[in-house]
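Take a look at the letters that make up each chain.
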Amino acid sequence: AVVSNWPMYSMAEMRAVTDSNIGTELQAQGRLDEAILFYRDAVARDSADAVAYSNLGTALAASGDLDEAIRHYRRALDLAPNDTDSHYNLANALAAQGRFADAVSQFRAALEIEPGFAEALTNLGSALAALGQPEDAAGHYRQAIELAPSGVEALNNLGLLVEAQGTPDEAIALFRQALAIEPDF
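Residues numbered from 1 in each chain as written. Predicted model: local features only at pLDDT ≥ 70, side-chain atom pairs only at ≥ 80, totals over all residues. Heavy atoms only, no water.

1. Describing the packing of aromatic side chains
Definition in use: The pairing test for Phe, Tyr and Trp rings, Trp by its six-membered ring, is centres within 6.5 Å, and the orientation test on the planes gives stacked under 30 degrees, edge-to-face over 60, and tilted for anything in between. Helix numbering and strand numbering both begin at the N terminus, where a helix is a DSSP run of H or I of at least 4 residues and a strand a DSSP run of E of at least 2. Relative accessible area decides the class of each residue, using a 1.4 Å probe on protein chains only: under 20% of the type maximum gives buried, over 50% gives exposed, and in between gives partly exposed.
Under the defined criterion, the tally for this structure stands at two aromatic pairs. Here Tyr 88 and Phe 117 contribute two aromatic rings whose centre-to-centre distance is 4.7 Å and whose plane-to-plane angle is 40°, an arrangement assigned as tilted. In this pair, Tyr 88 sits in helix H5 (residues 84-96) while Phe 117 sits in the loop between helix H6 (100-113) and helix H7 (118-130), placing the two residues 29 residues apart along the sequence. Taken individually, Tyr 88 and Phe 117 each receive the classification buried, so the pair is uniform in this respect. Counting every residue linked through ring pairs, the aromatic cluster contains Tyr 88, Phe 107 and Phe 117.

2. Details of the packing of H7 against helix H9 (residues 152-164)
What counts, and what does not: Between N-to-C directions, angles span 0 to 180 degrees; the directions come from axes that are lines fitted to C-alpha atoms, helices contributing only their stretch in contact. When an angle is under 35 degrees it counts as roughly parallel; over 145 it counts as roughly antiparallel; between 65 and 115 it counts as roughly perpendicular; any other value is oblique. By convention the crossing between two helices is left-handed if the near helix lies anticlockwise of the far one by an angle smaller than a right angle, and right-handed if it lies clockwise. Between two residues, a contact is recorded if the distance between any of their heavy atoms is within 4.5 Å. All amino acids are sorted into three groups, where Ala, Val, Leu, Ile, Met, Phe, Trp, Tyr, Cys and Pro are nonpolar, Asp, Glu, Lys and Arg are charged, and the leftover types, Gly among them, are polar.
Remark: H7 packs on H9, axes separated minimally by 10 Å, with the N-to-C direction vectors making an angle of 25°. With respect to each other, H7 and H9 are oriented roughly parallel. Considering only the axes of H7 and H9, their crossing is left-handed. Contact with H7, carried on its side by Thr 122, Asn 123, Ser 126 and Ala 129, involves Glu 153, Ala 154, Asn 157 and Leu 161 of H9 and no other residues of that element. In the contact of H7 with H9, the residues fall into three nonpolar, four polar and one charged.

Next up, the structure:
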């Protein structure tokens, strides 16, 4: 008798995983249209594959189709409600559409799952700044910098925020810190 502790997958599920993996590689190469086709095949083969839905959303967002990307992120979250990346990617797509209040909700959901997610803190800060909440935004930028001191986006965004609040010396120090890390920023 053959004993295996490997999970058993149907051929359709295995093909869906393969399609999703090929899609990921194509997306990394910038071949978005091809990646989207493979991700679509993956979700057609396995309608319970939350990762494939999230990956499809990411490729669609990168290609500029934010409405469809949002639909796929939401489907991924229906299947896997605690998927940090799907909350984060959904939040970014919502923010790109100017739906900052909705984006804030999704960034917060991602941070409930993964409190140390510096990029989510940075982008939450940006969404809060867009909503006219500079103090809250600054607090999130500062948290992000504490978690990831080399995060030039958080440093730059905080610099812009404090400059707008009338503290140019602090802004200059933050900009210099960002440029010391990434001179071409």
